[in-house]
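Residue-level listing of the chains:
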Amino acid sequence: MWGDNAEGQIGLGKEGNATTPQEVSVGQPVAWVSCGYYHSAFVTVGGGLYTFGERDSGKLGLGTDQLSGHRTPQLVRGVNGRATQVACGGGHTVVLTEEGVYTFGLGQFGQLGHGTFVFESRQPHTVDHFRTGRAARVSCGENHTAVITESGLLYTFGDGRHGKLGLGEENFANQFKPTLCPRFLQYHVQAASCGGCHLVVLARPRDPHRDPLTLEDDDVTEDYLERAGLEALGDTTSTTANNAITTTGSLSTSTLQRSLSARVRRRERERSPDQFGATLRTLPARTPGYLNPPLPGPAHTAPAPPPRLAPPTALPLAHRQVHNGTHRHHQGTYLL
């Protein structure tokens, strides 16, 4: 490692910086590394997670007895199971283990995925959204997070500004729990990389026979269903046999119907005249002959309008009295 070490982020202890690469060792081979703004982390081949650097806001996930040694790699004890990946954001850290996904650090934008009331976590906590599908890859931006499942689904959460969560032009809001990106349901997402204000995704077209989907119970798939005009579902009682989306695990057809396109259902209601009630139905009922109505008979002929009266003849000003004075005009000027 090399570069600035003002906060201990390159793990060289009291050294202020390093202009050439320096080896940092914990006595085991390292399998995965990641850097945030002022902290770093790596995973060993044995599944151990080590963090070091700036210790503010709990982004190192260390116990209070370990914080004094934050300038060198410290083993994170609060993660259960064998760690396989780690990603460092601006002020938070995400860890993928054999047991699930853990996050800790700053969460004011929702980047921890623990809900709307968790703005900071100094100890690792599991993200409990992934019950059916297993997470396969994780990535962190400055204040947002991306998770890819084994079935190639992309979930994002955190700061929604600039549209970097990939949830559509109508949704720039922060997401405090993992949210499915519906537009990628047609693809098998293979990798994702989060930047400061953007997200890059590597994906291939989904094969419905080789790439079955594993959706969570509360996943909303509205964008994909809208764009496909609900053709991907067809008859929801035979979804697994006839459509591009194949669901496995605990997802039932009734759950899929509940999650299917809240926006589509709202627009259907908005297009229906029933929403306005009977008082606004001003058009008459259509009868068999409504396209060829009978011509009005003599009895229905409207009366002729009264004759239009001619305007009064204009008089010369000389023949009109002036009430506010005695002045008179004798020229041939007319008042119209």
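Refer to the structure above for everything that follows.
Quick caveat, the model's predicted, so the values are computed rather than measured.

Undergrad: Would you mind showing me how to read the environment of Pro-178 here?
TA: Tracing the chain through its elements places Pro-178 in strand β14 (residues 175-180). As a C-alpha pair, Pro-178 and Gly-113 span 65 residues in sequence and 5.8 Å in three-dimensional space. Those residues in contact with Pro-178, other than ones at most four positions away along the chain, are Gly-113, Val-127, His-129, Phe-130, Tyr-155, Thr-156 and Phe-157.

Undergrad: Can you help me understand the pattern of salt bridges in this one?
TA: In a structure, side chains of opposite charge can pair up when their charged atoms sit close to one another. Following the criterion strictly, the structure yields 10 salt bridges and no others. In this structure, the salt-bridge partner of Glu-98 is Arg-82, at a minimum N-O distance of 3.6 Å. Of this pair, Glu-98 sits in the loop between β8 (92-97) and β9 (101-106) while Arg-82 sits in the loop between β6 (74-75) and β7 (83-88), and the two are 16 residues apart along the sequence. Residue class for Glu-98 comes out partly exposed when judged on its relative accessible area of 41%. For Arg-134, the salt bridge is made with Glu-150, and the minimal N-O distance between the two is 3.5 Å. On the criterion of sequence distance, the pair formed by Arg-134 in the loop between β10 (120-126) and β11 (135-140) and Glu-150 in the loop between β12 (144-149) and β13 (154-158) is long-range, its members being 16 residues apart. The exposure class of Arg-134 is partly exposed, given its relative accessible area of 47%. Via salt bridges that share partners, Asp-159, Arg-161 and Lys-164 belong to a single interconnected network.

Undergrad: Got a minute to help me understand the nonpolar core in this structure?
TA: Soluble, globular proteins show a tendency: their nonpolar side chains are buried together. If you look at the biggest cluster of nonpolar residues, it comprises 17 residues, and the most contacted ones within it are Val-101, Phe-130, Val-138, Val-147, Leu-153, Leu-180 and Leu-185. Secondary-structure elements contributing two or more residues to this core are β8, β11 and β13. In terms of residue count, β11 provides more of this core than any other element does, three residues in total. When residues no more than four places from it in sequence are discounted, the contact partners of Leu-153 are Val-147, Ile-148, Leu-180, Leu-185, Arg-206, Leu-213, Thr-214 and Leu-215. The next biggest cluster of nonpolar side chains, apart from the first, holds 13 residues, and it includes Ala-41, Val-43, Val-86 and Tyr-102.

Conventions used here
Residues numbered from 1 in each chain as written. Predicted model: local features only at pLDDT ≥ 70, side-chain atom pairs only at ≥ 80, totals over all residues. Heavy atoms only, no water. Helix = DSSP H or I, 4+ residues; strand = E, 2+ residues; numbered from the N terminus. Contact = heavy atoms within 4.5 Å. Salt bridge = Lys/Arg side-chain N within 4 Å of Asp/Glu carboxyl O. Buried < 20%, exposed > 50% of the residue type's maximum accessible area, 1.4 Å probe, protein only. Core = buried A, V, L, I, M, F, W, Y, C linked by side-chain atoms within 4.5 Å.

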